[in-house]
Amino acid sequence: MTVRDTWLDEIAAARHGMDRSSTATRVADLFREKIADGLLVPGTRLSDDKLAAVMGVSRNTMREAFQMLVKERLLVHEFNRGVFVSRVPADALADLYRVRRLLECEGVRSAPRATAAAIGQVEAAVQEGEHAAAIGNWAGVGTADIKFHKALAALMGSPRVDEMIGHLLVEMRLVFHEMGSPREFHEPYLARNRRLYDLMARGDITTAERELRSYLDDAESQLTEAYREKE
């Protein structure tokens, strides 16, 4: 069993937490989670009959879940070939970052009005990333980074924004796979995540927003270059 196959074990284990009230929505949530964790990579083929058997659900339920994720651009259905985890196209990158700037920068501006619990989630994501780096778990650093940016937008205290940024950052996790070395990409941003949190914690919101914009500009440039190198 390869590292990339561990997602199937986790999918199988998750069936025990599903009861009769579970629906295709719950199945879709599970696959979305595995994509966000970096376990399902672009190009992975998903067999509805095999996965339905593994999860103990009907093939119709599995297909309905797949349809939800296709609409979210996380999966793609290829005629006569099947369903695959999507590769985010290069021309979508600018739009992803455009929306991220809107949501995350507004989150930073909302920090003075955010709850202590919401601010705590930002710090927790920073600490999670630092711990993952300390043990050399660079996939875990990527997962913590997703949580960090989700927590920034969550400072607005809006369930609708939480849903929007959640879907957006799952797409971003697929984009991260374009980088050849997770460590090379994520390591420099650990200190920047810490700096962003520290700036917000001491109330320097103007500098924090400026830092976040620079941060997102740099990340977009790196990823754009990675796409160009693969063309």
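Just so you know, these numbers come straight off a predicted model, no measurement behind them.

## As for the sheet that holds strand β2 (residues 75-78)
Across the sheet, which stays open at both edges, the three strands sit in the order β1-β3-β2 with antiparallel pairing between neighbours. In this open sheet, the two edge strands, each paired with only one partner strand, are β1 (45-46) and β2.

## What to know about empty space enclosed by the protein
The final tally for this structure, using the stated rule, is two cavities of 30 Å³ or more. The volume enclosed by the largest cavity comes to roughly 60 Å³. As for the largest cavity, its lining consists of Y97, R100, D145, H149, F176, F185, H186, Y189, Y215 and A219. Every element with two or more residues in the lining of the largest cavity is listed here: α5 (93-109), α7 (138-154), α9 (182-201) and α10 (205-230). Among the elements that line the lining of the largest cavity, the one with the most residues is α9, at three residues. When grouped by side-chain class, the residues that make up the lining of the largest cavity number six nonpolar, two polar and two charged. Reported here for the second largest cavity is a volume of approximately 40 Å³. Every residue lining the second largest cavity is listed: A125, V126, G129, E130, V141, A144, D145, L190 and N193. Listing elements by their share of the lining of the second largest cavity, those giving two or more residues are α6 (116-134), α7 and α9. Counting residues per element, the lining of the second largest cavity draws most heavily on α6, at four residues. Class assignment of the residues belonging to the lining of the second largest cavity gives a composition of five nonpolar, two polar and two charged.

Here is what the cut-offs are and how they apply
Residues numbered from 1 in each chain as written. Predicted model: local features only at pLDDT ≥ 70, side-chain atom pairs only at ≥ 80, totals over all residues. Heavy atoms only, no water. Pairing = 2+ DSSP bridges. Helix = DSSP H or I, 4+ residues; strand = E, 2+ residues; numbered from the N terminus. 1 Å grid on protein atoms, 1.4 Å probe; cavity = no way out; pocket = protein on both sides within 12 Å on 5 of 7 lines; lining within 4 Å. Points joined across faces, edges and corners; volume = space filled by probe spheres on them. Nonpolar A, V, L, I, M, F, W, Y, C, P; charged D, E, K, R; others polar.

The analysis is restricted to geometry; functional conclusions fall outside its scope.
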